[in-house]
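# Geometric and topological summary
Residues per chain, in single letters:
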Amino acid sequence: MYEQISHSLLNEILDELKPHIRRRDLRHFYTRLGANFYAIHSLFHLLYGNRDDFKAKMLNLVEVMANQYIQRNDELKQLDVEREKDHNWFLSQKWVGMALYTEGFTGNLVSMKSRLSYLQELGINMVHLMPILDCPQGASDGGYAVSNFRNVDGRVGSMEDLESLGASMRKRDILLALDVVVNHTSNEHEWAQKAQTGDPKYQDYYHVFDNRDIPDMFEETMPEIFPETAPGNFTWDETMEKWVMTVFNHYQWDLDYSNPTVFIEMLDIILFWANKGADIVRLDAVAFLWKKIGTTCQNEREAHLILQLMKDCCQVTAPGVLFIAEAIVAPVEITKYFGEDAVIAKECEIAYNATFMALLWDAVATRNTLLLNRGIKSLPEKLDRATWLNYVRCHDDIGLGFDDRDILLAGYDPQAHRRFLIDYFTGAYVDSIARGFPFGQNKKTGDARISGSLASLVGLEAALAQGDQEAIDRAIKLILLLHSVIFSFGGIPLLHYGDEIGTLNDYSFLQDEHKKDDNRWIHRPKIDWKKAQLRQQHGSIEQRIFDGLKRMIATRKRIPAFADFNNRELLEVTNSHLFVFQRIHPEQPTNSILVVANFDANPQYLDMHDLGGHIRPQYSQVRDLYSGESPAMFKKQLVVPPYRFYWLISQQPEAVV
Ligand code: GLC
């Protein structure tokens, strides 16, 4: 957009740029800067326009973008241009991700390289390496307390190791996703240490207070994230003799984004990692970026403006790079992290579908899809050119983040239902063989979340201990069922490492004094490669899960209707044990897919009349693309065995997948 004020400011800035920037061939940089400058200026002005140094900071911002553009290598610049042409590339059904801790997966970045073939065997082509940057030796919140944003933690390797791994991944067409922890730093970060010595410049990077007056006002409305291990949102710093805001752990200092220097530093870091070859940057804890007294300090409008600004700036320097929003917040809030508009107010292209994840666990516990259907219906439409990260488990706890209103509409009492879910997954409920643990219990509110590995939560651990073959079979089926849904729902499925071979809870964290109080470590395992080898032994648990997922992934990649173009229709059917939706092929409706998943331990049937006249005729004769079989149909009733799923395509001659 052309607008005089921002355009003349841009001209001034260009005149003032240092000679080394002016001399370079920056054609693409300038065209992109011209295209985005109005938005960048407006957003920067909204956030920082009241400051005397506004213009100077604007110049700094452009310098950072230009310098990082100059640093960007030709291969990445070429990729940027290709992705600009094919801007929907990441919506394809071809992508399947896995998140993993390097240390737990193989030990270090060098040995990671030799395991890429394992990931490829499964069909993974996007890898999220959990935090690998410098962090404190002791507790570091799994690396989410960063001490140096530009250095790889020596325990997993070096920058060269990472670059070499990245190059190998690129050759194999595997995307690399890396974290940038934008909300806070570790107390060992240079900025925090300078703040501790009393340097006012760096104290301004954080929220620092002389006494409890303001912290107490904040505490009135701020929830606690880790109520058991890190109660309150402020920590007294002995060296500084001041209070500092620490929303997560006491050693994680929240950055103050009302300071433009913080924004510029963080943008520089994001672009630094883009230049190291990250295809995707996962922006951690984005809901918390802006703090305001009298609020929960989550999902504030300014947090969205910051993300829009980060996106606009990143598009100038490294437009091929995508952002993942890690915002585990209420369903209506999550979709806002895609931005208000796909072009003019974009934020992150990808967001964790935490609501869907939690709803799936509800269906596991209740064996029905009443709340799952309700919750999906209430999830606001997402933007075009944006996609979900769909997952069953991740490195974090499971929060029961659905709406009380939806719980009521599904026919339950919200408080009692939440209690039931916690009891169910922690094995306290009579009928449950789940082996989860309560996480982040809040005595004041009665809230709790759940830790536990996928396999242990679906009963595999208890079934093995009891030698109960039927329960083992059920657990395997559930693992496959849950994945079948995230593979077909629309979005990028993200597996959690170890789940592909049914890894059970890992209790070794209890022996580590820096981990023992954080039971999320129970589901951040060290992979046992001997166990992984069993995937080649026919009939083993590992083989049944691994091969099931492998086949599912290969099948997904062949089904164009599984690409995410907001082409899903949720179908509410009479049988409440079934989760049913259609994925519509954008160009060939006859190649649409009917997904049917039975969350019950008993066989169920789908009355095809429920599908409605516009859909039913197409599926009068069907084939399941996953198994290749034609499921049993009695008259107009489709039989769905316990914990079974179907990806059904019409058997009419035009259907060709
Ligand atoms: C994110 C991470 C979580 C971490 C928190 C604080 O939510 O996923 O593991 O504890 O941020 O950094």
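Computed from a predicted model, the values in this text were never measured in an experiment.

## Regarding the sheet that holds strand 5 (residues 175-180)
The strands making up a sheet associate through backbone hydrogen bonding, with each pair oriented either parallel or antiparallel. Read around the closed barrel, the eight strands follow the order 1-2-5-11-12-15-16-19; overall the barrel is parallel. Neighbour-to-neighbour, the strand axes of this sheet turn through a mean angle of 25 degrees, independent of strand direction. Across four bridges, strand 2 (residues 126-129) lies against strand 5 in parallel orientation. Residue pairing for strand 5: His128 is matched across the bridge by Ala177.

## Considering the site of the ligand
Taken together, Asp141, Tyr144, His184, Phe226, Phe248, Gln252, Arg282, Asp284, Glu326, His395, Asp396 and Arg520 are the residues near the ligand. Glu326 is positioned such that a nitrogen or oxygen atom in its side chain is 2.8 Å from an oxygen atom of the ligand. Measuring from an oxygen atom of the ligand, one finds a side-chain N or O atom of Asp396 at 2.5 Å. Within the complex, the protein chains bury 95% of what would otherwise be the 300 Å² of accessible surface of the ligand. Classifying every residue of the shell around the ligand by side-chain character gives three nonpolar, three polar and six charged.

## With respect to the sheet that holds strand 24 (residues 622-624)
Overall, antiparallel pairing links the five strands, which are arranged 20-21-22-27-24 in an open sheet. Each edge of the sheet is formed by a strand with only one pairing partner; in this case those strands are strand 20 (568-570) and strand 24. On average, each strand axis in the sheet is inclined to that of its neighbour by 25 degrees, with strand direction left out of account.

## So, the pairing of strand 26 (residues 637-640)
Only one face of strand 26 is buried, namely the one carrying Leu638 and Val640, since none of Gln637 and Val639 on the opposite face is buried. Sheet topology note: the strand 25 (residues 633-634)/strand 26 ladder contains two bridges and is antiparallel. Counterpart to Met633 in the pairing with strand 26 is Leu638. Taking the residues that link successive antiparallel strands as the turn, the strand 25-strand 26 hairpin has two residues, and the phi of Lys635 there is positive, at about 50 degrees.

## Remarks on a nonpolar patch on the surface
On the surface, Ile214, Met217 and Ile293 cluster together into a nonpolar patch covering about 250 Å² of accessible area. Judged by relative accessible area, which is 40%, Ile293 ranks as partly exposed.

## Quick notes on the nonpolar core
Residues Leu129, Tyr257, Phe263, Leu283, Met310, Trp361 and Phe599 are the most contacted members of the largest nonpolar core, which totals 218 residues. A per-element tally of this core places helix 22 (residues 469-488) first, with 12 residues. In this structure Leu283 touches Val180, Val182, Ile270, Leu307, Met310, Phe323, Ile324, Ala325, Glu326 and Cys348, once residues within four positions along its chain are discounted. Formed by 16 residues, the second largest nonpolar core is a distinct cluster that contains Leu571, Leu594, Val596 and Tyr646.

## Topic: unusual backbone geometry
Trans peptide bonds make up most of the peptide bonds, and negative phi angles are found at most residues other than glycine. A positive phi angle, close to 55 degrees, is found at Glu241, a residue other than glycine. Relative to the helices and strands, Glu241 is located in the loop between strand 8 (234-237) and strand 9 (242-245). Looking at Glu241, the relative accessible area reads 54%, which means it is exposed. A positive phi angle, close to 55 degrees, is found at Ala285, a residue other than glycine. Structurally, Ala285 is set in the loop between strand 11 (280-283) and helix 14 (301-317).

## What about the domain arrangement of the protein chain?
Taken domain by domain, the protein chain consists of domain 1 (92-184 + 259-557), domain 2 (185-254) and domain 3 (568-650). Taking only C-alpha atoms, the centre of domain 1 and the centre of domain 2 are 27 Å apart. Each side of the interface is counted separately: domain 1 has 36 residues, and domain 2 has 29 residues. Summed over both partners, the interface of domain 1 with domain 2 comes to about 2600 Å²; 62% of that surface belongs to carbon and sulfur atoms. Of all residues in domain 1, His184, Lys291 and Ile293 give up the largest surface area on contact with domain 2, accounting jointly for 22% of the area buried on that side. For the pair domain 1 and domain 2, the interface holds one salt bridge. Between Lys291 and Asp254 there is a salt bridge, and its shortest N-O distance comes to 3.0 Å. The interface formed by domain 1 and domain 2 contains 14 residue pairs in polar contact (both at pLDDT 80 or more). Elements with a contribution of two residues or more to the side of domain 1 that touches domain 2: strand 4 (148-152) and helix 13 (260-275).

Quick notes on the rules
Residues numbered from 1 in each chain as written. Predicted model: local features only at pLDDT ≥ 70, side-chain atom pairs only at ≥ 80, totals over all residues. Heavy atoms only, no water. Pairing = 2+ DSSP bridges. Helix = DSSP H or I, 4+ residues; strand = E, 2+ residues; numbered from the N terminus. Axes fitted to C-alpha atoms, helices over the stretch in contact; angles between N-to-C directions. Near = heavy atom within 4 Å. Polar contact = N/O pair within 3.5 Å; in protein donor to acceptor, adjacent residues only side chain to side chain. Areas by Shrake-Rupley, 256 points an atom, 1.4 Å probe, with all protein chains shown as cover. Nonpolar A, V, L, I, M, F, W, Y, C, P; charged D, E, K, R; others polar. Buried < 20%, exposed > 50% of the residue type's maximum accessible area, 1.4 Å probe, protein only. Patch = residues over 30% accessible without salt bridge, like charges linked within 9 Å, V, L, I, M, F, W, Y side chains within 5 Å. Salt bridge = Lys/Arg side-chain N within 4 Å of Asp/Glu carboxyl O. Core = buried A, V, L, I, M, F, W, Y, C linked by side-chain atoms within 4.5 Å. Contact = heavy atoms within 4.5 Å. Domains from an automatic or database assignment. Buried area = accessible area lost by both parts, 1.4 Å probe.

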